[in-house]
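Observations on chain architecture
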Amino acid sequence: MAGVGGTGYLGKRLVKASLAQGHPTYVLQRLDDAVHIEKIELLLSFKEQGAHLVSGSFDDHQSLVDAVKLVDVVISAISGVHLRSHHILIQLKLVDAIKEAGNIKRFLPSEFGTDPARMDNAMEPGRVTFDDKMAVRKAIQEAGIPFTYVSANCFAGYFVGAIYVDEDDIAMYTIKTIDDPRTLNKTLYLRPPQNILSQREVVEIWEKLIGKQLQKSSIFKEEFLTNMKRDGAEEASQLYPEIKYTTVHEHMKDPNHALS
Ligand SMILES: NC(=O)c1ccc[n+]([C@@H]2O[C@H](COP(=O)([O-])OP(=O)(O)OC[C@H]3O[C@@H](n4cnc5c(N)ncnc54)[C@H](OP(=O)(O)O)[C@@H]3O)[C@@H](O)[C@H]2O)c1
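Parameters at a glance
Numbering of residues begins from 1 in every chain and follows the order in which that chain's sequence is written. The predicted origin of the model limits local features to residues at a pLDDT of at least 70 and limits the giving and counting of side-chain atom pairs to 80 or more, whereas totals for whole chains, interfaces and linings rest on all residues. Hydrogens are left out, water is left out, and the side-chain values use all remaining heavy atoms of the structure. Secondary structure is summarised from DSSP: a helix means a run of H or I of at least four residues, a strand means a run of E of at least two, and numbering begins at the N terminus for each. To estimate the expected span of a helix, count its residues, drop one, and scale the result by 1.5 Å. Between buried and exposed lies partly exposed: a residue is buried under 20% and exposed over 50% of the maximum accessible area for its type, with that area taken using a 1.4 Å probe on protein chains only. Residue contacts are defined here by distance: any two heavy atoms, one from each residue, within 4.5 Å place the two residues in contact. Here, a salt bridge means any Lys or Arg side-chain nitrogen found within 4 Å of an Asp or Glu carboxyl oxygen. Pairing of aromatic side chains requires ring centres within 6.5 Å, counting the rings of Phe and Tyr and the six-membered ring of Trp. Pairs whose planes differ by under 30 degrees are stacked, by over 60 edge-to-face, and all others tilted. Cation placement over rings: the criterion is NZ of Lys or CZ of Arg within 6 Å of the ring centroid and within 35° of the ring normal.

A rise of 1.5 Å per residue sets the reference length of helix H5 (residues 126-142), with its 17 residues, at 24 Å; its end C-alpha atoms lie 25 Å apart and thus fit the reference within 8%. Those residues of H5 not exposed but buried are Arg 127, Phe 130, Asp 132, Lys 133, Val 136, Arg 137, Ala 139 and Ile 140. Following H5 by one or two positions, Gly 144 has its phi on the positive side, about 70°.

On to the environment of Ala 152. Considering the arrangement of structural elements, one finds Ala 152 in the loop between strand E8 (148-151) and strand E9 (154-155). A relative accessible area of 0% means that Ala 152 is categorised as buried. Here the alpha-carbon distance between Ala 152 and Ile 163, two residues 11 residues apart in the chain, equals 8.7 Å. Those residues in contact with Ala 152 that sit more than four places away from it in its chain are Phe 112, Gly 113, Val 165, Ile 170 and Leu 190.

What follows deals with the environment of His 249. With respect to the secondary-structure elements, His 249 resides in helix H9 (residues 248-253). His 249 sits 47 residues away from Val 202 along the chain, and the two C-alpha atoms are 8.4 Å apart. Leaving out residues up to four positions away in the same chain, His 249 has contacts with Ile 205 and Leu 209.

It is worth spelling out the pattern of salt bridges at this point. As enumerated under the stated definition, the model contains 11 salt bridges in all. Residue Lys 93 is joined to Asp 59 by a salt bridge in which the shortest nitrogen-to-oxygen separation is 3.5 Å. Here the residue Lys 93 occupies a position in helix H4 (residues 90-101), and Asp 59 occupies one in the loop between strand E3 (52-56) and helix H3 (61-68), the gap between them amounting to 34 residues. Bridged by salt links that share partners, the residues Arg 13, Lys 16 and Asp 168 form one connected network.

Let us now look at the environment of Asp 180. Examined against the element boundaries, Asp 180 turns out to sit in the loop between helix H6 (167-177) and strand E11 (186-189). Overall, Asp 180 belongs to the buried group, its relative accessible area being 7%. Expressed as a C-alpha distance, the spacing of Asp 180 and Leu 239, which sit 59 residues apart in the sequence, is 9.9 Å. Those residues in contact with Asp 180 that lie beyond four places of it in its chain are Arg 106, Leu 239 and Tyr 240.

Let us look at unusual backbone geometry. For Phe 112, which is not glycine, the phi torsion reads 55° and is therefore positive. Mapped onto the elements, Phe 112 comes out in the loop between strand E7 (106-108) and H5. Residue class for Phe 112 comes out buried when judged on its relative accessible area of 6%. With a phi close to 55°, Asn 185 is a non-glycine residue in the positive phi region. Summarising the element assignment, Asn 185 is placed in the loop between H6 and E11.

It is worth spelling out the packing of aromatic side chains at this point. Overall, the coordinates contain two aromatic pairs when judged by the stated rule. Residues Phe 147 and Tyr 149 carry aromatic rings whose centres are separated by 4.2 Å and whose planes lie at 15° to one another, so their mutual orientation is stacked. Assigned by exposure class, Phe 147 and Tyr 149 land together as buried. Residue placement shows Arg 13 over the ring face of Tyr 9; its charged tip is 4.9 Å from the ring centre. Sitting over the ring of Tyr 189, Arg 191 keeps its end group 4.3 Å from the ring centre.

Function-wise, these values are silent; they only describe arrangement.
As structure tokens, this is what we get:
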């Protein structure tokens with residue numbers, strides 16, 4: 001598998017999960033970026049762990065095609081803010097390269113959030129990211145590229161309240177999908193059952209951990225889980241029960257591990 005955006009917050013976890021699950025792992029090393037010591041150290045540590053570094057740039061179509069030809073699965077973890085460069089959706093360039101290379105068995109574009117197909121009523125500033133992700137989906141499907149979209153809900157390190165998913169668990173579930181026929185051309189929802197919590201339930205875990213009651217005003221609990229069943233979708237913890245996902249309780253006991 002090849003990772004694009006492998007030095008990012010989620011990307012480095014995907015590289016780790018891919019190596020942990022025994023896949024030959026290639027990481028795109030940017031040719032077009034200023035040199036950052038931490039990034040070079042990270043890339044070298046990937047190499048020490050057995051990953052291959054491949055040079056390439058979104059500004060050099062042929063370099064992307066050549067990189068894609070080395071692998072059979074491509075995973076992109078480019079960040080939302082970087083999806084556009086000079087008003088061009090850069091992931092579309094990756095879609096073009098995958099289409100031209102013609103050898104890719106599965107493409108996982110940079111999704112890893114709320115399912116953009118369900119965000120018709122979203123407001124700015126989030127709106128543009130959902131629209132961009134939908135434009136990438138359209139290009140993938142029009143090109144006939146086999147895909148899996150990973151809908152990760154809320155990164156545990158970022159949010160309080162809703163569906164929490166530990167970032168390392170997101171990476172492990174994502175890598176599980178890449179050669180699984182059950183996730184071909186589907187969206188994989190990450191909804192670990194123990195981690196679907198209202199704000200009140202999160203506060204209760206917190207109170208147990210610190211051993212005292214917090215002062216609070218009440219919050220209405222929304223039935224946001226109704227109407228979640230969709231065609232063309234699977235739920236990750238049901239599909240991969242062998243992954244012991246991090247519960248909110250465990251995460252709150254050691255929140256710093258998400259930042260590592
Ligand atoms: N559900 C949630 O709660 C949640 C939270 C955060 C993010 N997300 C989603 O997760 C995904 C990954 O986000 P992230 O926070 O992990 O991103 P991030 O840490 O900002 O990393 C982005 C990666 O993309 C690379 N990149 C950016 N521009 C590039 C370019 N022109 N060419 C090649 N590489 C480029 C960066 O490389 P350099 O390091 O070399 O710049 C970096 O490796 C996004 O789709 C985002 O929307 C979801």
